[in-house]
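Spelled out from the first residue to the last, the chains are:
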Protein chains: 2
Amino acid sequence: MEMDYLVGVLGGMGPAATADFIQKLIELTDAGSDQQHIPLLVSSIPDIPDRGACLLNGGLSPLSALLDRLQMLENAGAACIVIPCNTAHYWFPQLKAATSVEMLNLIDMVAQAVRDAGFSKVGVLATDATLITGLYQTALEQFGVDFVIPEGAAQQAVMDGIFALKAGATESARGHFEAPYQYLQQQKVDAIILGCTEIPIALAEEVRNRPAYFVDSNKILAQAVIRWYERKTGKTLLRPSGKKLS
Amino acid sequence: MEMDYLVGVLGGMGPAATADFIQKLIELTDAGSDQQHIPLLVSSIPDIPDRGACLLNGGLSPLSALLDRLQMLENAGAACIVIPCNTAHYWFPQLKAATSVEMLNLIDMVAQAVRDAGFSKVGVLATDATLITGLYQTALEQFGVDFVIPEGAAQQAVMDGIFALKAGATESARGHFEAPYQYLQQQKVDAIILGCTEIPIALAEEVRNRPAYFVDSNKILAQAVIRWYERKTGKTLLRPSGKKLS
């Protein structure tokens, strides 16, 4: 089986975010037939201890479950592994150290994309857990980009929205993001990082209407995977930005 | 790793249909958290010889590639394997014979669902290749359901629509299905089987507006997977039909 460039997706955190990532990867791939699409092996085995509960309350660590799934993807022949979940990137260094397979870091990709787009001040919508790890703060500082994070009730509303979405309530999830969205707009940010892979699902319409204003971490990761595959194969597959699918 | 009830998805035929299947499986699962979702391992490795070219023109058989991916899912611990592609079910008997893992047959599930819904005459939108195998005709006869298949230009339009979708042109794909849709309506069918997993993607809006009229094979397969998982675990996870996600 031709699997030299098989991309392993360590997903399930949550399952909806993983499905959204795959969807975006396919939409962004300029393939003329089934066979030209990038080969994927997707683990969406969601029985992984809650990342937030671990980071915020000292709950069970997800690391062991993450290592199991990493090993499974490696055993199956993955040549590159990505994780469509922002919070899980807290364990990225340990996962990377445990495998010889190449891994792409979602947080770094997003910070770099924001810098490359010329934004000087961005808002960050992310889980409490992602924020407490300082993942985005560190990466954005490295790339020299100022940032604003919602405070108090506005940040609580972000969390409510994410949990509503994980429970399947897409419509009510959307409403929760209204307050943090207003908060960041008042701070006059140039763009908003959707720093949790669940958020673009709830805000799909807003993102469609203002694609340059929202930085969708799943979309950035999908583009990074396509560029990785292009480098490996010499093919051109990344759909030109703004090209209409019709 | 808890993988006793891991569901293996032999996909990539095409990748968009696989993503659509995963999306529907997640939406139909009444889970209150990430961890309650059904564990999936998805092979979307699309370098599989074209099923239609094989069945219609004696092209390379996809069987060897299908067996490779089946083996990979079995090795990774799948307890049940499904194939979100109608045409590939021509090789279902050989695949089933090659594995000790349980497999759910999409075509049988659809024919049974149509019978259970009380439809006496249905239209079938499917690829030339699926139709030439007689998969649906045989299954529908077994369940005592009459059927109509578009002829001539109307069937050619079905094929044009499917290939447009596989090439990423969702909007123009939709237009191609207008003629076969009219054809089947004139034949006064009770419902239309979308017997190619690409079609519900092109007709998403039509299906949303008339959910009882269109039988979406990906949705039927997703429901079958959830029921399989419920039987194995004793959990209740199938979202009640018609329940609004809000």
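Residues numbered from 1 in each chain as written. Chains lettered and ligands numbered in written order. Predicted model: local features only at pLDDT ≥ 70, side-chain atom pairs only at ≥ 80, totals over all residues. Heavy atoms only, no water.

A look at the overall build of chain A
Right, on to step 1. When its secondary structure is counted, chain A shows 13 helices and eight strands.
Right, on to step 2. Relative to its length of 246 residues, chain A is compact, with a C-alpha radius of gyration of 17 Å against a globular reference of 18 Å.
Right, on to step 3. Expressed along its principal axes, the backbone C-alpha trace of chain A runs to roughly 50 × 45 × 35 Å.
Right, on to step 4. In chain A, which comprises 246 residues, the proportion classed as buried is 57%.
Right, on to step 5. Sequence separation of 24 or more characterises 73% of the internal contacts of chain A that already satisfy a separation of 6 or more. (Helix = DSSP H or I, 4+ residues; strand = E, 2+ residues; numbered from the N terminus. Rg over C-alpha atoms; globule rule 2.2 N^0.38 Å. Buried < 20%, exposed > 50% of the residue type's maximum accessible area, 1.4 Å probe, protein only. Contact = heavy atoms within 4.5 Å.)

Quick notes on the relation of the copies chain A and chain B
Right, on to step 1. The operation relating chain A to chain B is a screw motion whose rotation component is 180°, with 0.0 Å of axial translation and a residual RMSD of 0.0 Å. Accordingly, the operation relating the two chain copies is best matched by a two-fold axis. Using C-alpha coordinates, one finds that chain A approaches the rotation axis most closely at V42(A), a distance of 2.4 Å.
Right, on to step 2. An overlap of 100% is found between the interface residues of chain A and their copies at the interface of chain B, pointing to a shared contact surface. (Least-squares fit on C-alpha atoms with pLDDT ≥ 70 in both.)

Focus on the sheet that holds strand β1 (residues 7-10) of chain A
Right, on to step 1. The strand order β4(A)-β3(A)-β1(A)-β2(A)-β2(B)-β1(B)-β3(B)-β4(B) describes an open sheet built from eight strands, whose pairing is mixed. In the strand order of this sheet, the two ends are held by β4 (102-103) of chain A together with β4 (102-103) of chain B, each with one partner.
Right, on to step 2. Looking at chain direction, strand β2 (residues 40-44) of chain A and strand β2 (residues 40-44) of chain B are connected through five bridges and run antiparallel. Its bridge partner being in β2(B), L40(A) is matched across the sheet by S44(B).
Right, on to step 3. Packing against the sheet, helix α1 (residues 15-28) of chain A makes contact with β1, β2 and β3 (80-82) of chain A, and its axis sits at approximately 165° to β2(A).
Right, on to step 4. Helix-sheet contacts for helix α3 (residues 63-75) of chain A involve β1, β2, β3 and β4 of chain A together with β2 of chain B, and the interaxial angle to β1(A) is about 160°. (Pairing = 2+ DSSP bridges. Axes fitted to C-alpha atoms, helices over the stretch in contact; angles between N-to-C directions.)

So, unusual backbone geometry
All names here are of chain A.
Right, on to step 1. Note that the residue after M13, namely G14, is joined by a cis bond; omega there is -5°.
Right, on to step 2. Its place among the elements puts G14 in the loop between β1 and α1.
Right, on to step 3. With phi around 55°, K188 is a residue other than glycine that occupies positive phi space.
Right, on to step 4. Checked against the element boundaries, K188 lands in the loop between α10 (178-186) and β7 (191-194).

As for the environment of G12(B)
Right, on to step 1. If you trace the backbone, G12(B) turns up in the loop between β1 (7-10) and α1 (15-28).
Right, on to step 2. Take G12(B): its relative accessible area is 0%, and that puts it in the buried class.
Right, on to step 3. For G12(B), the residues in contact, after removing those within four places along its chain, are D34(A), T18(B), S43(B), S44(B), I45(B) and P46(B).

With respect to the pairing of β1(B)
Residues and elements named next belong to chain B.
Right, on to step 1. Burial along β1 is two-sided: the face carrying V7 and V9 and the face carrying G8 and L10 are both buried.
Right, on to step 2. Here four bridges tie β1 to β2, and the two strands are oriented parallel to one another. Residue pairing in the sheet places L10 in a bridge with S43 of β2.
Right, on to step 3. With α1 bridging β1 and the parallel β2, this β-α-β connection has right-handed handedness.
Right, on to step 4. Pairing geometry for β1 and strand β3 (residues 80-82), over three bridges, is parallel. By the bridge assignment, G8 is partnered in β3 with I81. (Right-handed = clockwise from strand over helix to strand, strands pointing away.)

Observations regarding the sheet that holds β7(A)
Residues and elements named next belong to chain A.
Right, on to step 1. Reading across from one edge, β6-β5-β7-β8 is the order of the four strands in this open sheet, with parallel pairing throughout. Looking at the sheet topology across the chains shown, the edges are occupied by β6 (146-148) and β8 (214-216). This sheet shows a mean twist of 30° between the axes of neighbouring strands, independent of strand direction.
Right, on to step 2. The pairing of strand β5 (residues 121-125) with β6 spans three bridges and is classified as parallel. By the bridge assignment for β6, K121 is matched with D146.

Brief notes about the packing of α1(A) against helix α13 (residues 217-233) of chain A
Residues and elements named next belong to chain A.
Right, on to step 1. Running from N to C, α1 and α13 cross one another at 50°; their axes reach a closest spacing of 9 Å. Considered as vectors, α1 and α13 are oriented oblique to each other. Between α1 and α13 the crossing geometry is right-handed. Within the contact between the two elements, α1 uses A17, D20, F21, K24, L25 and L28 and α13 uses N218, K219, L221, A222, Q223, V225 and I226.
Right, on to step 2. Across the contact of α1 with α13, the residue classes tally to eight nonpolar, two polar and three charged. (Parallel < 35°, antiparallel > 145°, perpendicular 65-115°, else oblique. Left-handed = near helix turned anticlockwise from the far one by under 90°. Nonpolar A, V, L, I, M, F, W, Y, C, P; charged D, E, K, R; others polar.)

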